[in-house]
Amino acid sequence: MSHPTFSRYRSETEMLRYLKRLENKDLSLAHAMIPLGSCTMKLNATSEMIPVSWPSFAHLHPFAPRDQVAGYQQMIDELSAFWSKSPAMITFLCSPTRARRGEYAGLVAIRRYQAAQGEGHRDVCLIPSSAHGTNPASAAMVQMKVVVVECDHNGNIDMADLRAKAEQHRDQLSAIMLTYPSTHGVFETSVREACKVVHDNGGQVYIDGANMNAQVGLTRPGDFGGDVSHLNLHKTFCIPHGGGGPGMGPIGVKAHLAPYVSNHVVTPINGVNSDSGAVSAAAFGSASILPISWAYIKMMGARGLREATELAILNANYIAKRLEASFPILYRGQNGTVAHECIIDIRPLKAASGISEEDIAKRLMDYGFHAPTMSFPVPGTLMIEPTESESLYEIDRFCDAMIAIRKEIARVESGEWPLDNNPLVNAPHTQADLMDSDWKRPYDRQLAAFPSAAVQAAKYWPAVNRVDNVFGDRQLICSCPSIDEYRD
Ligand SMILES: *Cc1c(COP(=O)(O)O)cnc(C)c1O
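If you look the protein up in an unreviewed UniProt entry, it shows as glycine dehydrogenase (aminomethyl-transferring) from Vreelandella sulfidaeris. On record in UniProt, under Cofactor (unreviewed entry), the comment for the protein is "pyridoxal 5'-phosphate".

Here it is as structure tokens:
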């Protein structure tokens, strides 16, 4: 730890200033909407967060004796009772600390169940090509063989391909991992049929519940065919997860799987086989952040939760409508609508203008926005998810920025700005760029950093220019001492 950062901040004032400087570089929900699709970056309300710091929640040891954790137990019981209504599952396991851990725990339960039926040889997992990368990774972790199911040109599961692959592997079929609505941002009308095809061929259905924000109060994985499903509490249920964590990915299972979910030696779960090993060291995972989800559910109430879902879907459809004249919407459902997120296709624009999805993402920083999800699940696209937390004002501000950026791209297309020197490829613009006395750009400083009235009123300054992502990924900086140094 020879870097000066580890020795410079030795007084509380210095530490305070250091942390504040770092905070100032961050664009958070306190500045603007974070439209990351599949991430559900909704409001983490202060009133939900405050109890996390109360000693009675924060200072409990994960292995405290059971008679000292009655409060936690009550909270978990109440959450489980709520969840058994929401995704319609019977037994909940709270130990998975992220969705991917929940996927793993759910697949383990499926394998144990199948082994108990004398079907332990079943090891094929069907996964649609639109799935999140965690799905095949989790399947691989439980030694399943992943068979990819193709999507049709509308982004839906290709049912003919699903039928063919389910039948082809019927003697080995263990499960399918399905995301609903899909990561293409569409409620697939064939979801019941897809579940039935898998059940008919001897498999179980794992529902990836990441997109629960489009379901709560409207539909339930347990009703349309799921046997096991996780909840991303750090998405739908308000736990902050900018920067990757911490999270919670509790799973719910139907009655036939309940005896086979993971157990815990210190805190055994009733009705679960006591031989089933744990999937997390702590029985209730990152339990200290559960009060956030509990408070959210209690404050919203059943009606409020349903309304949140409806608004999330409405907001995404509003964006799709406002942007469709500027950017093609890649996938829609049969009725022409999207679910709680929408994918805009940048590939035709890139072919025509040379401007890429990354240029748009970086230019959005000049307009004061965090970029949408880039090139997932489809390369060359942007996936936008507004959530219910955003006002019409903010959504309009975002759409206005996107439409203004489309007009800037037109000026590159027309040849007014060269492809290698325009506000898009030079984005984001820092204060240092603007103050450069040698400004050699075919657009003025005003357009560079203050492209909209909203930004003129309240400016977020990007701290650095464009970072070369690929360079960073390929230049490994190894800080480990060489073996010779150990010898010395
Ligand atoms: C976010 C997400 C995951 C993974 O969730 P983690 O909690 O980060 O493990 C899995 N599937 C989908 C569709 C997601 O959006």
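1. Quick look at the sheet that holds strand E10 (residues 381–384)
In space, the three strands of this open sheet follow the order E8-E10-E9, with antiparallel pairing throughout. Pairing within the sheet leaves two strands with one partner each, and these edge strands are strand E8 (342–345) and strand E9 (373–374). In the sheet, E9 pairs with E10 via two bridges, with the strands oriented antiparallel. By the bridge assignment for E10, Thr373 is matched with Met383.

2. Some points on the site of the ligand
The environment of the ligand is made up of 14 residues, and the closest members are Ser38, Arg98, Arg100, His234 and Lys235. Contact between the ligand and Ala99: an oxygen atom at 2.9 Å from a main-chain N or O atom of the residue. Between an oxygen atom of the ligand and a side-chain N or O atom of His234, the distance comes to 2.6 Å. Coverage of the ligand by the protein chains reaches 96% of its 380 Å² of free accessible surface. When residues in the shell around the ligand are grouped by element, the largest group, three residues, is from helix H6 (residues 99–116). In the shell around the ligand, the residues fall into two nonpolar, seven polar and five charged.

3. Things to note about the packing of helix H8 (residues 159–168) against helix H9 (residues 191–200)
As a packed pair, H8 and H9 sit with axes 9 Å apart at the nearest point and diverge in direction by 10 degrees. By the angle between their axes, H8 is roughly parallel relative to H9. Like other packed secondary-structure pairs, H8 and H9 cross with a definite hand, here right-handed. Across the interface between the two elements, Met159, Leu162, Arg163 and Ala166 from H8 touch Glu193, Ala194, Val197 and Val198 from H9. Here the residues of the contact of H8 with H9 are counted per class, giving six nonpolar, no polar and two charged.

4. Some points on helix H5 (residues 70–85)
Each turn of an α-helix holds 3.6 residues, which means side chains three or four residues apart point in the same direction. The end-to-end C-alpha distance of H5 is 23 Å, a good match for the 22 Å that 16 residues give at a rise of 1.5 Å each. Those residues of H5 that sit buried are Tyr72, Met75, Ile76, Leu79, Ser80, Phe82 and Trp83. In a view along the axis of H5, the buried residues occupy a sector of 165 degrees, so they form one face of it. Exposed and facing more than 90 degrees away from the buried side of H5 are Ala70 and Lys85. Looking at the buried residues of H5, the elements they touch are helix H4 (55–58), strand E1 (91–93) and helix H11 (290–323).

5. Regarding the sheet that holds strand E2 (residues 124–128)
Reading across the sheet, the seven strands line up as E1-E7-E6-E5-E4-E2-E3 and stay open at both edges, with mixed pairing between neighbours. Whereas interior strands pair on both sides, the edge strands pair on one side only; in this sheet they are E1 and strand E3 (145–149). Going across the sheet, the axis of each strand differs from the next one's by a mean of 20 degrees, ignoring polarity. Bridging between strand E4 (residues 173–179) and strand E5 (residues 204–208) involves five bridges; their strand directions are parallel. In the sheet register, Leu178 faces E5, and the bridge partner there is Ile207. Along the sheet face, H6 touches E1, E4, E5, strand E6 (228–230) and strand E7 (251–253) and points at about 170 degrees away from the line of E5.

6. Section: the nonpolar core
Counting residues in hydrophobic clusters, the biggest one holds 36 residues, and the most contacted among them are Ile319, Leu323, Phe327, Ile344, Ile360, Phe369 and Met402. Elements that contribute at least two residues to this core include exactly H11, E8, helix H13 (357–366), E10, helix H14 (392–413) and helix H16 (445–449). For Ile319, the residues in contact, after removing those within four places along its chain, are Met33, Cys342, Ile384, Pro386, Ile395 and Cys399. Counting residues in each nonpolar core, the second largest holds 30 residues, with Phe92, Val216, Phe237 and Phe284 among its members.

7. Quick notes on a nonpolar patch on the surface
Together, Met15, Leu19 and Leu22 line one region of the surface with nonpolar side chains, adding up to about 250 Å² of accessible area. Relative to the assigned elements, Met15 resides in helix H2 (residues 12–25).

8. Considerations on unusual backbone geometry
That bond from Tyr180 to Pro181 is cis: its omega, -15 degrees, falls within 30 degrees of zero. Looking at the secondary structure, you find Pro181 in the loop between E4 and H9. Between Ala427 and the following residue, Pro428, the backbone shows a cis peptide bond with an omega angle of 0 degrees. Here Pro428 shows up in the loop between H14 and helix H15 (431–435). Backbone geometry places Ser38, a non-glycine residue, at a positive phi of 75 degrees. In this structure, Ser38 sits in the loop between H2 and helix H3 (46–49). Of note in the backbone geometry, Cys238 takes a positive phi value of approximately 75 degrees without being a glycine. In this fold, Cys238 is placed in the loop between E6 and E7. On the basis of relative accessibility, which here comes to 1%, the residue Cys238 falls in the buried class.

9. Some points on the pattern of salt bridges
The full count for this structure, using the stated rule, is 23 salt bridges. Of the charged contacts, one joins Asp200 and Lys196 as a salt bridge, the two residues approaching to 2.9 Å between their closest N and O atoms. Of this pair, Asp200 and Lys196 both sit in helix H9, separated by four residues, roughly a single helical turn. Between Asp359 and Arg466 there is a salt bridge, with its nearest N and O atoms 3.0 Å apart. Of this pair, Asp359 sits in helix H13 while Arg466 is found in the loop between helix H17 (453–457) and helix H18 (469–474), placing the two residues 107 residues apart along the sequence. A network of salt bridges, in which partner residues are shared, links Lys321, Glu324 and Arg332.

10. Some points on the UniProt feature "domain: Glycine dehydrogenase C-terminal" (unreviewed entry) in the protein
Sequence positions flagged by UniProt for "domain: Glycine dehydrogenase C-terminal" (unreviewed entry) are, in local numbering, residues 308–429. Secondary structure within residues 308–429 divides into 45% helix and 8% strand; the distance between the first and last C-alpha atoms comes to 36 Å.

11. Observations regarding the environment of Arg322
Structurally, Arg322 is set in helix H11. Apart from the residues within four sequence positions on either side, Arg322 is in contact with Asp396, Cys399, Asp400 and Ile403.

The rules behind these values
- Residues numbered from 1 in each chain as written.
- Predicted model: local features only at pLDDT ≥ 70, side-chain atom pairs only at ≥ 80, totals over all residues.
- Heavy atoms only, no water.
- UniProt positions renumbered as here; feature names shortened; annotations may be inferred.
- Pairing = 2+ DSSP bridges.
- Helix = DSSP H or I, 4+ residues; strand = E, 2+ residues; numbered from the N terminus.
- Near = heavy atom within 4 Å.
- Polar contact = N/O pair within 3.5 Å; in protein donor to acceptor, adjacent residues only side chain to side chain.
- Areas by Shrake-Rupley, 256 points an atom, 1.4 Å probe, with all protein chains shown as cover.
- Nonpolar A, V, L, I, M, F, W, Y, C, P; charged D, E, K, R; others polar.
- Axes fitted to C-alpha atoms, helices over the stretch in contact; angles between N-to-C directions.
- Parallel < 35°, antiparallel > 145°, perpendicular 65-115°, else oblique.
- Left-handed = near helix turned anticlockwise from the far one by under 90°.
- Contact = heavy atoms within 4.5 Å.
- Expected span 1.5 Å × (residues − 1).
- Buried < 20%, exposed > 50% of the residue type's maximum accessible area, 1.4 Å probe, protein only.
- Arc of directions from axis to C-beta.
- Core = buried A, V, L, I, M, F, W, Y, C linked by side-chain atoms within 4.5 Å.
- Patch = residues over 30% accessible without salt bridge, like charges linked within 9 Å, V, L, I, M, F, W, Y side chains within 5 Å.
- Salt bridge = Lys/Arg side-chain N within 4 Å of Asp/Glu carboxyl O.

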